[in-house]
Amino acid sequence: SQTIHQWPATLVQPVGSPLSLECTVEGTSNPNLYWYRQAAGRGLQLLFYSVGIGQISSEVPQNLSASRPQDRQFILSSKKLLLSDSGFYLCAWRRQGRLTEAFFGQGTRLTVV
Amino acid sequence: AQSVTQPDIHITVSEGASLELRCNYSYGATPYLFWYVQSPGQGLQLLLKYFSGDTLVQGIKGFEAEFKRSQSSFNLRKPSVHWSDAAEYFCAVGAVFSGNQFYFGTGTSLTVIP
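This is a predicted model, so every value here is computed, not measured. (Residues numbered from 1 in each chain as written. Chains lettered and ligands numbered in written order. Predicted model: local features only at pLDDT ≥ 70, side-chain atom pairs only at ≥ 80, totals over all residues. Heavy atoms only, no water.)

> An account of the interface of chain B and chain A is requested, with residue identities and associated values reported.
On the side of chain A, 25 residues touch chain B, which itself brings 25 residues to the contact. Buried area between chain B and chain A, both sides added, is near 2000 Å², and the carbon and sulfur share of it is 53%. Our count for the chain B to chain A interface comes out at one salt bridge. Between Glu101 of chain A and Lys49 of chain B there is a salt bridge, and its shortest N-O distance comes to 2.8 Å. Our enumeration of links across chain B and chain A arrives at four residue pairs in polar contact (both at pLDDT 80 or more). Breaking the side of chain B that touches chain A down by element, the ones donating at least two residues are β5 (32–38), β6 (44–50), β10 (87–94) and β11 (102–104) of chain B. Tallying contributions element by element places β5 of chain B first for the side of chain B that touches chain A, with four residues. Tallied by class, the residues present in the side of chain B that touches chain A amount to 13 nonpolar, 11 polar and one charged. (Contact = heavy atoms within 4.5 Å. Buried area = accessible area lost by both parts, 1.4 Å probe. Salt bridge = Lys/Arg side-chain N within 4 Å of Asp/Glu carboxyl O. Polar contact = N/O pair within 3.5 Å; in protein donor to acceptor, adjacent residues only side chain to side chain. Helix = DSSP H or I, 4+ residues; strand = E, 2+ residues; numbered from the N terminus. Nonpolar A, V, L, I, M, F, W, Y, C, P; charged D, E, K, R; others polar.)

The following block contains the structure:
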């Protein structure tokens, strides 16, 4: 069966520090991968998605970047965190092809102080 | 542009009462529609999905949703709410073919009172 791992679960970082959140998927190959941010009262905002290694699409201009160095690894990064980067970050994957739903990780609670 | 609207930010219902959560979408192509549930501090779990066929779809935990193309709606319903249903509910629309965006509404927070 397929599983998705996301870590760390919680993170407190000072303003101006770097960020690296990692997401890996097991049990499938060539998944589509997504990073979402969930801010209080604002639902889920799609940040990045990837259809293959090294292929990243950005949905919104921001202080964050994403990379996909391996087929089942998706990393969310920042060189210098802002207070506004605080939120709940969710990684998700979806099978290639038609009629597929997305499966989510357990999320990372990031607090920038 | 694709979008999903959940008009109700917060809903409170009594245990045992019926529930309907509203969802309206805007999508240029054939939509693939979903409802997800999120418990506090957790990821999202799929409740049900719709692509084609019978416009009334059944999901897990006794939930169902009805697709109405004329109203661009995909409302979630449950005949009798349980206290364990208290959570955040998200409606989403996605492309038929994967590799494309998956858009979510802002969510509806459900409180269940005894």
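> Any chance you could break down the confidence of the model for chain B for me, citing the residues and the numbers?
Across chain B, pLDDT averages 90, with 95% of residues at or above 70. When pLDDT is averaged over each helix and strand of chain B, the minimum, 84, is found for β11 of chain B and the maximum, 98, for strand β3 (residues 19–21) of chain B. (pLDDT = per-residue confidence, 0-100.)

> Residues and numbers for the sheet that holds strand β3 (residues 19–26) of chain A, please.
Residue and element names in this part refer to chain A. Judged by pairing direction, the sheet is antiparallel, and its four strands sit side by side in the order β1-β3-β8-β7 without closing on themselves. The sheet is open, and its two borders are formed by β1 (3–7) and β7 (65–70), each paired with just one other strand. Each adjacent strand pair in this sheet contributes to an overall mean axis angle of 20°, direction not counted. In terms of strand pairing, β1 meets β3 through five bridges, oriented antiparallel. Of the residues in β3, the one forming a bridge with Ile4 is Val25. (Pairing = 2+ DSSP bridges. Axes fitted to C-alpha atoms, helices over the stretch in contact; angles between N-to-C directions.)

> I'd like to hear about unusual backbone geometry, residue by residue, with values.
With an omega of 0°, the peptide bond running from Trp7 of chain A to Pro8 of chain A counts as cis. With respect to the helices and strands, Pro8 of chain A occurs in the loop between β1 and β2 (10–13). Unusually for a residue other than glycine, Asn30 of chain A sits at a positive phi of about 55°. Even without being glycine, Ser72 of chain B reaches a positive phi, approximately 50°. Tracing the sequence through the fold places Ser72 of chain B in the loop between β8 (64–68) and β9 (73–78). Judged by its relative accessible area of 26%, Ser72 of chain B falls in the partly exposed class. (Buried < 20%, exposed > 50% of the residue type's maximum accessible area, 1.4 Å probe, protein only.)

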